Amino acid sequence: MTGADAMARALALAERALYLSNPNPRVGCVLTDADGREIGQGHTQQAGGPHAEVMALRDAQARGESTQGATAFVTLEPCSHHGRTPPCCDALAAAGIARVVVATTDPNPLVAGRGLQRLRDAGVAVELLPDDHGLAHASRELNIGFFSRMIRQQPWVRMKVAASLDGTTALHNGTSQWITGGAARADGHAWRARACAVLTGVGTVLEDNPMLDVRLVDTPRQPHLVIVDSHLKTPANARLFETPANGLARQIWIYHASDEDPAKMAALRARGATLIPMPGGLRGKVDLSGLLTDLGRREINELHLEAGHKLNGSFLREGLVDELLLYLAPSLLGPGAGLADITPLERLDDATALHYVSADLVGGDLRLRARVNGHDAFLTHPPRPAG
C-alpha cells in the first residue's frame, strides 16, 4: 500500500463518521508497517468515544500487530489537548508510532499545530500534505462545518429547498407535499442526518406541523432542532416535541424576541424546549446573525435550514446562507410560493453570486448544490501553523 493509497483509505474511513461524530470532526486513520502493509484502521466514534487514532491502535492490537516503528496516516491533525478524551498524539507516541502523515491541520485553536509539534517533541517524524493536495482538500470538505465553526465561530448554513422547475415550492393554496419524488426526499433526509441541527421557522411549524427528524435513512443520532419563533407561537402540542427514533439526545432550541407570555414559556419548557432570547432583528424579530453565533457556541457545525420562503429570504438577505441544496422536480407549477422572499433588485450586479458544486440526478429529480462566492474560502486557504 502506497502512502497515497493509505491516506485515501483513511479518508474513506472518515466518511463512515459522517452521521456519527458530531460535534467532533470526521477523521480516519490507517496504520501501516515498514512494508506498507495495513496493520490497523479506525474512524472517530460518537462524541466522548475514541477518536480515529485510538480506534486504529486498538484494531492493530486486536489483530496481534506491533505498532513499534509503524506509520500512521490521519486525515486531520491528532488532537493535543484533553477534551472529552485524552490527546491522540500522546497515544500515538506511546504506541511507538515512528511517523505520522497528516492530511490537514486542525483549525481548533486548542490544537492548530500543537498536535504536530507535540509529536515532533516526542521524536515522531511528521509530514503534512500541502494545502492544495486533493486529499487534504477532501478532508476539509468532509469537515466543512467543523472548519466553519472553528474559523468563523458559526456553523456552515446549508439551505435545502424542493421546488418545481419554475421555482415554485408550494401552490397558491399552500399545497407542497410532495413536489419531488421519494428518492429526493430520502436524499434530503441524508443531508439532515449529517447536520448537527435542523432549523425551521414557526410558520412551517404552524402550517405543516412537522417532526423534522431523520426517518428515511438509518442514522445513529438525530440532529438537534432549532425553531425561529419571534413571538413564541409554537404550539405546546406540536409534533416536533414527539421523541423520534434515536432522538433521546435531541435538543429543541426555540429562539424568540419577546417573552411577554410566561404561561406559554412554561408550557414549552415543560415539553423539553430550551427558550433562548435573541432580540435585535428587524421589526422586532429574532437576530439571525446572533442566533448563528450562539449556535456556534453550542457546537453546531453544519446547520440544515429547511424553512419557508419568508425565513429563507431573511437568511439570504442578511448574507447568512453559505450553500444551497436545491431539488428540482421535472414539473411546472406556475404561481405560488417561491424559493425565497427576496427584495427585488434594481441591478444585476446586486445579485447573490454563487458557484455550482455539483449537479446530480436523484431518482427523477435534479439535485443542485451551489455555494455563495467566497464563503468557502477557508477550505482553500486554511490556517497553517508556523514552521
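This text goes with the structure placed above it.
Residues numbered from 1 in each chain as written. Predicted model: local features only at pLDDT ≥ 70, side-chain atom pairs only at ≥ 80, totals over all residues. Heavy atoms only, no water.

### Focus on the overall build of the chain
As a reminder, the rule being used: Helix numbering and strand numbering both begin at the N terminus, where a helix is a DSSP run of H or I of at least 4 residues and a strand a DSSP run of E of at least 2. The globule rule is 2.2 Å times the number of residues to the power 0.38, and the radius of gyration it is compared with is taken over C-alpha atoms. Residue burial is assigned from relative accessible area. The probe radius is 1.4 Å, only protein chains are included, and a residue is buried under 20% of its type maximum, exposed over 50%, and partly exposed in between. Only heavy atoms enter the contact rule, under which two residues are in contact if any of them lie within 4.5 Å. For every accessible area listed, the method is Shrake-Rupley and the probe measures 1.4 Å; residues are considered covered only by the protein chains on display.
Scanning the chain from terminus to terminus reveals 12 helices and 16 strands. For a compact globule of 387 residues, the expected C-alpha radius of gyration is about 21 Å, and the chain comes in at 23 Å, within 12% of that figure. Classification of the 387 residues of the chain by burial places 53% in the buried group. Taking the intrachain contacts of the chain between residues at least 6 apart in sequence as the baseline, contacts between residues at least 24 apart amount to 73%. Summed over all atoms, the accessible surface of the chain reaches about 17000 Å², with 52% contributed by carbon and sulfur.

### With respect to the packing of helix H1 (residues 3–15) against helix H5 (residues 134–142)
As a reminder of what qualifies: In this analysis, axes come from line fits to C-alpha atoms, helices being fitted only over the stretch in contact, and the angle between any two N-to-C directions falls in the range 0 to 180 degrees. With respect to orientation, any angle under 35 degrees is reported as roughly parallel, any angle over 145 as roughly antiparallel, any angle of 65 to 115 as roughly perpendicular, and every other angle as oblique. Following the grouping adopted for this structure description, the nonpolar residues are Ala, Val, Leu, Ile, Met, Phe, Trp, Tyr, Cys and Pro, the charged ones are Asp, Glu, Lys and Arg, and the polar ones are all others, Gly among them.
For the pair H1 and H5, the least separation of the axes is 11 Å and the interaxial angle reads 10°. It follows from the interaxial angle that H1 and H5 lie roughly parallel. For the pair H1 and H5, the contacting residues are Ala4, Met7, Ala8, Leu11, Ala14 and Glu15 in the first and Leu135, Ala138, Ser139 and Leu142 in the second. Across the contact of H1 with H5, the residue classes tally to eight nonpolar, one polar and one charged.

### Regarding the packing of aromatic side chains
Here a ring pair, both rings aromatic, is described through the centre-centre distance and the interplanar angle of the planes. Selection criterion: Centres within 6.5 Å make a pair out of two Phe, Tyr or Trp rings, where for Trp the six-membered ring is used; the pair is then stacked when the planes are under 30 degrees apart, edge-to-face when over 60, and tilted otherwise.
One pass over the full model with this rule turns up one aromatic pair. Ring geometry for Trp156 versus Phe378: centroids 6.0 Å apart, planes at 80°, classification edge-to-face. Of this pair, Trp156 sits in strand E6 (residues 156–164) while Phe378 sits in helix H12 (residues 377–380), and the two are 222 residues apart along the sequence. Comparing Trp156 with Phe378, the two get one shared label, buried.

### With respect to unusual backbone geometry
Of the consecutive residues Asn22 and Pro23, the connecting peptide bond is found in the cis state with omega at 5°. If you trace the backbone, Pro23 turns up in the loop between H1 and strand E1 (28–32). Despite not being glycine, Asn209 shows a phi value in the positive range, around 45°. Of note, Asn209 is situated in the loop between helix H8 (202–208) and strand E9 (224–228). Within the chain, Glu299 stands out as a residue other than glycine whose phi angle is a positive 65°.

### With respect to the nonpolar core
Selection rule: Among buried residues, those of type Ala, Val, Leu, Ile, Met, Phe, Trp, Tyr and Cys that are joined through side-chain atoms within 4.5 Å constitute a nonpolar core.
The biggest cluster of nonpolar side chains holds 31 residues, and the ones touching the most others in it are Leu199, Tyr255, Leu291 and Phe315. For this core, the secondary structure elements donating two or more residues are E6, strand E8 (197–201), E9, strand E10 (252–256), helix H10 (288–297), strand E12 (302–305), helix H11 (309–317) and strand E13 (323–329). Among residues more than four places away in sequence, those in contact with Phe315 are Leu199, Leu288, Leu292, Leu305, Leu320 and Val321.

### Considerations on the layout of surface pockets
Condition: Cavities and pockets are defined on a 1 Å grid built over the protein atoms alone: a cavity is a set of grid points where a 1.4 Å probe fits but cannot escape, while a pocket is an open set with protein on both sides within 12 Å along at least five of seven lines, and lining residues are those with an atom within 4 Å of any such point. Grid points are joined across faces, edges and corners, and a volume is the space filled by probe spheres set on the points.
Approximately 410 Å³ is the volume found for the second largest pocket. Taken together, 16 residues form the lining of the second largest pocket, with Leu316, Leu324, Leu326, Leu339 and Leu354 sitting closest to its centre. Of the residues in the lining of the second largest pocket, the class split is 13 nonpolar, two polar and one charged.

### Some words on the pattern of salt bridges
Applied cut-off: We count a salt bridge whenever a side-chain nitrogen from Lys or Arg sits within 4 Å of a carboxyl oxygen from Asp or Glu.
Applying the stated criterion across every chain, the model contains 25 salt bridges. Residue Asp90 is joined to Arg118 by a salt bridge in which the shortest nitrogen-to-oxygen separation is 2.7 Å. Note that Asp90 is positioned in helix H3 (residues 88–94) and Arg118 in helix H4 (residues 114–121), a separation of 28 residues in sequence. The class of Asp90 is partly exposed, set by a relative accessible area of 29%. Taken together, the salt bridges that share partners define one network made up of Arg26, Glu141, Arg158, Arg194, Glu302, Glu323, Arg369, Arg371 and Asp376.

### A few points about empty space enclosed by the protein
In this structure the tally under the stated criterion is one cavity of 30 Å³ or more. Of the voids in this model, the largest cavity is the one considered here, and its volume is about 30 Å³. Contributing to the lining of the largest cavity are Asn22, Arg26, Leu142, Asn143, Gly145, Phe146, Asn301 and Glu302. Classifying every residue of the lining of the largest cavity by side-chain character gives two nonpolar, four polar and two charged.

### Things to note about the sheet that holds strand E5 (residues 125–128)
Selection rule: Strands are treated as partners if at least two bridges between them are detected by DSSP.
Pairing in this open sheet of five strands is mixed, and the strands run E2-E1-E3-E4-E5 from one edge to the other. Looking at strand neighbours, the two that pair on one side only are strand E2 (38–43) and E5, the edges of this open sheet. Going across the sheet, the axis of each strand differs from the next one's by a mean of 15°, ignoring polarity. As judged from the four bridges shared by strand E3 (residues 71–74) and strand E4 (residues 99–102), these two strands associate in the parallel manner.

### Examining the pairing of strand E15 (residues 354–362)
Pairing analysis gives eight bridges linking E15 to strand E16 (residues 365–372), with the strands arranged antiparallel. Each residue of the ladder has a partner; that of Leu361, found in E16, is Leu366. From the end of E15 to the start of E16, which pair antiparallel, there are two residues, and Gly363 there has a positive phi angle of about 65°.

### With respect to helix H2 (residues 52–63)
Using the following cut-off: A helix is expected to reach a length of 1.5 Å times the quantity of its residues less one.
Its 12 residues give H2 an end-to-end C-alpha distance of 16 Å, which sits within 8% of 16 Å, the value for a rise of 1.5 Å per residue. Phi for Gly64, located one or two positions after H2, is positive at around 80°.

### Quick look at a positive patch on the surface
What counts, and what does not: Here, patches come from residues exposed beyond 30% relative accessible area and free of salt bridges, joined within 9 Å for like charges and within 5 Å for nonpolar side chains (Val, Leu, Ile, Met, Phe, Trp, Tyr). Charge counting follows a simple rule: Lys and Arg are positive, Asp and Glu are negative, and His as well as the terminal groups are ignored. Working definition for charges: the position is that of NZ of Lys, CZ of Arg, CG of Asp or CD of Glu.
A surface patch of like charges, here positive, comprises Arg283, Lys285, Lys310 and Arg317. Assessed through its relative accessible area of 42%, Lys285 is described here as partly exposed.

Function-wise, these values are silent; they only describe arrangement.
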